[in-house]
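As a plain string of letters, each chain reads:
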Amino acid sequence: MAQNLKMKSKPASREQRLETYQPLSGMVVPRFAGISTFMRLPYLAPTEAPGEIDIAILGIPFDGATTNRPGTRLGPRQVREASSLMRMVNYGTLVAPYDLCACADVGDVPVNPIDVQDTLRRIEAEISYLHQGGVTPLSIGGDHIVSYPILRALAAKSGPVGMIHVDAHSDTGDTYFGGQKLTHGTPFRRAIEDGVLDPKRMVQIGIRGHMYSADEREWALDQGIRIIDMEEVAEKGIPYAIAEARRVVGLEQTYFTFDIDSIDPAFAPGTGTPEIGGFTSREALQLVRGFRHLNLVGADMVEVSPPLDQSGGTALVGASIAFELLCLLAEARAERAARETRLNVV
């Protein structure tokens, strides 16, 4: 039975690739059965991905940079399981991602659970391999440090990227615990310092809660980051936040990172640093769907911690957001391909 396994003979055309890399239908094998992969897609070794698929969904099971409650290393596995509930077409936008792009689950980055720097090198190497090979990454974490090596890998090919950052926390802190610079609260300061993230094309949405130091916010504003905190979203509305974020990132290459703690813990309690007063799950869908037709080159969904929500509800929210991100990436990639075709014809 052709379940979640890649066909051995490589498809020769785009149409054949699209036909091959389809989720296992719940009308053929029930969604509670079969091998767990993201969105029930075929599994493909990452070394085989370039030239074969358009979008790779990969897990990054690492929480070694977490400073509060751990458990996000288990996030990718439970999100895979929850993603069996995703279907073929986005009800809200009618985007059918698998009709636009060949997608596959390429497994998990082989992280080192006791070494942050080694893990970051491994993540960067795998994302670099995929990106250099023309494959768009959609990563499922893991704690938020995983975004840092992803940004380094993407920028190595085409220069600094802009970013849409949906989160309860700015993650632009400097150091923790006596000078530790690589934590889940510092990834975007490191990325800006490295020149791989353009702060003037970076927007943060939903920031709230408390800080260790006012410097965290002041430093971000000094770099030119546009912060649309939760109070501003509540006052002016989600359509305003979408329009403002689109203005900031423009049409140049942009990355999308979504921290599950941007959602109120009433809807997503399974995360390491929950903050009350966040988005409802319905508002989160509205927000993410507002970023269609941007030049998105990658995305991640992070900070799902299964031990902190044994109901599995947070993982379902995470899987649902991941599907929304997949739809955005597939549509963006298809639009880039259409533009390139038109230019070649001209």
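In this report, the structure presented in the accompanying data block is examined. (Residues numbered from 1 in each chain as written. Predicted model: local features only at pLDDT ≥ 70, side-chain atom pairs only at ≥ 80, totals over all residues. Heavy atoms only, no water.)

Check the secondary structure of the protein and you find 11 helices and eight strands. Along the longest, intermediate and shortest principal axes, the C-alpha atoms of the protein span 55 × 50 × 40 Å. For the protein, the residues scored as buried account for 58% of the 346 residues in total. A distance of 6 Å separates the average location of the 34 positive side-chain charges in the protein from that of its 43 negative side-chain charges. (Helix = DSSP H or I, 4+ residues; strand = E, 2+ residues; numbered from the N terminus. Buried < 20%, exposed > 50% of the residue type's maximum accessible area, 1.4 Å probe, protein only. Lys, Arg positive; Asp, Glu negative; His and termini not counted. Charge placed at Lys NZ, Arg CZ, Asp CG, Glu CD.)

The next thing to look at is the nonpolar core. Ranked by size, the top nonpolar core spans 55 residues in total, and within it Met-39, Ile-205, Phe-256, Phe-258, Phe-291 and Leu-325 carry the most contacts. Ranked by residue count, the leading element in this core is helix H11 (residues 313–345), at 13 residues. With sequence-adjacent residues up to four places away left out, Phe-256 is seen in contact with Ile-164, Val-166, Val-288, Phe-291, Leu-296, Gly-298, Ala-299, Asp-300, Leu-325 and Leu-328. Tyr-21, Leu-44, Ala-102 and Ile-207 belong to the second largest nonpolar core, which has 45 residues in total. (Core = buried A, V, L, I, M, F, W, Y, C linked by side-chain atoms within 4.5 Å. Contact = heavy atoms within 4.5 Å.)

Quick look at the pairing of strand E4 (residues 161–166) now. By the criterion of burial, E4 is predominantly enclosed, with six of the six residues buried. Of the two faces of E4, the one carrying Val-161, Met-163 and His-165 and the one carrying Gly-162, Ile-164 and Val-166 are both buried. Bridge count for E4 against strand E5 (residues 197–205) is five bridges, and the pairing is parallel. Pairing of Ile-164 across the sheet is with Val-203, part of E5. For the crossover from E4 across helix H6 (residues 187–193) to E5, the handedness is right-handed. With five bridges connecting them, E4 and strand E7 (residues 254–259) associate as parallel partners. Looking at the pairing, His-165 lines up with Thr-257 of E7. (Pairing = 2+ DSSP bridges. Right-handed = clockwise from strand over helix to strand, strands pointing away.)

A few words now on the side chain of Thr-66. When you line up the elements, Thr-66 lands in the loop between strand E1 (55–60) and helix H2 (75–82). A distance of 3.1 Å separates a polar atom in the side chain of Thr-66 from the backbone oxygen of Asp-63. A polar atom in the side chain of Thr-66 sits 3.3 Å from the side chain of Asp-143. Sequence-distant contacts of Thr-66, defined by excluding residues within four places in its chain, comprise Thr-72, Asp-143 and His-184. (Polar contact = N/O pair within 3.5 Å; in protein donor to acceptor, adjacent residues only side chain to side chain.)

Moving on: the packing of aromatic side chains. According to the stated counting rule, one finds one aromatic pair in the structure shown. Of note, Arg-189 hangs over the ring of Trp-219, and the distance from its end group to the ring centre comes to 4.2 Å. (Phe/Tyr/Trp six-rings, centres within 6.5 Å; stacked < 30°, edge-to-face > 60°. Lys NZ or Arg CZ within 6 Å of the ring centre and 35° of its normal.)

If you walk across this open sheet you meet the eight strands as E2-E1-E3-E8-E7-E4-E5-E6, and the pairing is parallel. Of all the strands in the sheet, the pair left with one neighbour each is strand E2 (103–108) and strand E6 (226–228). Across this sheet, the average inter-strand angle for adjacent strands is 15°, counted without regard to direction. Bridging between E5 and E6 involves three bridges; their strand directions are parallel. Its bridge partner lying in E6, Ile-205 is registered against Ile-228. (Axes fitted to C-alpha atoms, helices over the stretch in contact; angles between N-to-C directions.)

Evaluation of the coordinates by the stated rule reveals 20 salt bridges. Arg-152 serves as the salt-bridge partner of Asp-194, at 2.8 Å between the closest nitrogen and oxygen. Placement of the pair is Asp-194 in the loop between H6 and E5 and Arg-152 in helix H5 (residues 147–158), with a sequence separation of 42 residues. On the basis of relative accessibility, which here comes to 36%, the residue Asp-194 falls in the partly exposed class. Judged by relative accessible area, which is 29%, Arg-152 ranks as partly exposed. (Salt bridge = Lys/Arg side-chain N within 4 Å of Asp/Glu carboxyl O.)

With that settled, the discussion passes to the environment of Pro-97. Mapped onto the elements of the fold, Pro-97 is located in helix H3 (residues 97–100). Remark: the alpha-carbon pair of Pro-97 and Glu-331, spanning 234 residues in sequence, is separated by 7.0 Å. Discounting chain neighbours no more than four positions away, the residues touching Pro-97 are Met-88, Phe-323, Leu-326, Cys-327 and Ala-330.

Here the focus is helix H10 (residues 281–289). Considered for burial, the residues of H10 that qualify are Ala-284, Leu-287 and Val-288. In a view along the axis of H10, the buried residues occupy a sector of 90°, so they form one face of it. (Arc of directions from axis to C-beta.)

When the terminal C-alpha atoms of helix H9 (residues 238–249) are compared, their 17 Å separation across 12 residues agrees well with the 16 Å that a helix rising 1.5 Å per residue should span. What H9 keeps buried is the set Ile-238, Ala-241, Ile-242, Glu-244, Ala-245, Val-248 and Val-249. Against the buried residues of H9 lie E4, E5, E6, helix H8 (230–236), E7 and H10. Two residues or fewer after H9 comes Gly-250, characterised by a positive phi angle close to 65°. (Expected span 1.5 Å × (residues − 1).)

Here we come to the packing of helix H4 (residues 116–132) against H5. Packing of H4 against H5 brings their axes to within 8 Å, and their N-to-C directions diverge by 40°. The crossing of H4 and H5 is right-handed. Contact residues: Leu-120, Ile-123, Glu-124, Ile-127, Ser-128, His-131 and Gln-132 in H4; Tyr-148, Pro-149, Ile-150, Arg-152, Ala-153, Leu-154, Lys-157 and Ser-158 in H5. Looking at the contact of H4 with H5 residue by residue, the classes come out as eight nonpolar, four polar and three charged. (Left-handed = near helix turned anticlockwise from the far one by under 90°. Nonpolar A, V, L, I, M, F, W, Y, C, P; charged D, E, K, R; others polar.)

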